[in-house]
Amino acid sequence: MAASTKTTAADVEAFASGLDEFTRALRTARGRFNRAPVVPELSASQFHLLEPLAANDEPLAVCALAEAAGVAPPTATRMLDGLVKRGLAERVRPEEGDRRRVDVTLTPAGRELVTAKRERIDSAREQVFMRLSPGERKAAARLLHSLAAAIDELHP
């Protein structure tokens, strides 16, 4: 292996340190989004659960929402219980098909909160983007896509 392509323990350690710092910053940012809400607000977890409904005019099954949010269906059901009580989502039974199936739709208030949260997230992303040089922006986009693919491959 050529010296310029040889990976050392120091290289791996530097990468791990950078990745740890990045994930810590991400957790901190997520916590700030949840700690300083505009009242009433959605937590990041609630937003990820409801976001597919805002992009879709049709009701979606609980299992589809759970998968999109990266949570187990029982967790999604518990989260939805609170969101339904707050009047942000509604459970609806499909007219045809499996009678055990329950779909979910957003109420107007729920749609408003999802839209507001999306705007806050987009604004924060734009602020981060603007702090980078044009070259860093392109490199960051490529690297983030590569990291996401590598992480996804860990647990296919």
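Residues numbered from 1 in each chain as written. Predicted model: local features only at pLDDT ≥ 70, side-chain atom pairs only at ≥ 80, totals over all residues. Heavy atoms only, no water.

**Some thoughts on the sheet that holds strand E2 (residues 89-92)**
The three strands lie next to each other as E1-E3-E2, forming an open sheet whose pairing is antiparallel. For this open sheet the edge positions go to strand E1 (60-61) and E2, each flanked by a neighbour on one side alone. Bridging between E1 and strand E3 (residues 103-106) involves two bridges; their strand directions are antiparallel. Following the sheet pairing, leucine 60 is matched in E3 by valine 104. (Pairing = 2+ DSSP bridges. Helix = DSSP H or I, 4+ residues; strand = E, 2+ residues; numbered from the N terminus.)

**Looking at the pattern of salt bridges**
Taken as a whole, this structure holds six salt bridges when the rule is applied. A salt bridge links lysine 117 to glutamate 41, with the nearest nitrogen and oxygen atoms 3.8 Å apart. Highlighted residues: lysine 117 in helix H5 (residues 108-130) and glutamate 41 in the loop between helix H1 (9-35) and helix H2 (44-54), separated in sequence by 76 residues. Each of the two residues, lysine 117 as well as glutamate 41, counts as buried. With a shortest N-O distance of 2.7 Å, arginine 101 and aspartate 103 are connected by a salt bridge. Salt bridges sharing common partners tie together Glu41, Lys117 and Arg120. (Salt bridge = Lys/Arg side-chain N within 4 Å of Asp/Glu carboxyl O. Buried < 20%, exposed > 50% of the residue type's maximum accessible area, 1.4 Å probe, protein only.)

**Thoughts on the packing of aromatic side chains**
Summed over all chains, the structure comprises zero aromatic pairs. The side chain of arginine 137 reaches across the aromatic face of phenylalanine 129, ending 4.3 Å from its centre. (Phe/Tyr/Trp six-rings, centres within 6.5 Å; stacked < 30°, edge-to-face > 60°. Lys NZ or Arg CZ within 6 Å of the ring centre and 35° of its normal.)

**A word on the confidence of the model for the protein chain**
Of the residues in the protein chain, 90% have a pLDDT of 70 or more, and the chain-wide mean is 88. Mean pLDDT values over the elements of the protein chain span from 85, in H1, up to 95, in helix H4 (residues 73-85). (pLDDT = per-residue confidence, 0-100.)

**Some thoughts on a nonpolar patch on the surface**
Taken together, the side chains of Phe22, Leu26 and Leu144 present a nonpolar region at the surface, about 290 Å² in accessible area. With respect to the helices and strands, leucine 144 occurs in helix H6 (residues 134-154). (Patch = residues over 30% accessible without salt bridge, like charges linked within 9 Å, V, L, I, M, F, W, Y side chains within 5 Å. Areas by Shrake-Rupley, 256 points an atom, 1.4 Å probe, with all protein chains shown as cover.)

**Quick look at the pairing of E3**
Side-chain alternation along E3 places Asp103 and Thr105 on one buried face and Val104 and Leu106 on a second face that is also buried. Note: E2 against E3, four bridges, orientation antiparallel. Looking at E3, one finds that alanine 89 is bridged to leucine 106.

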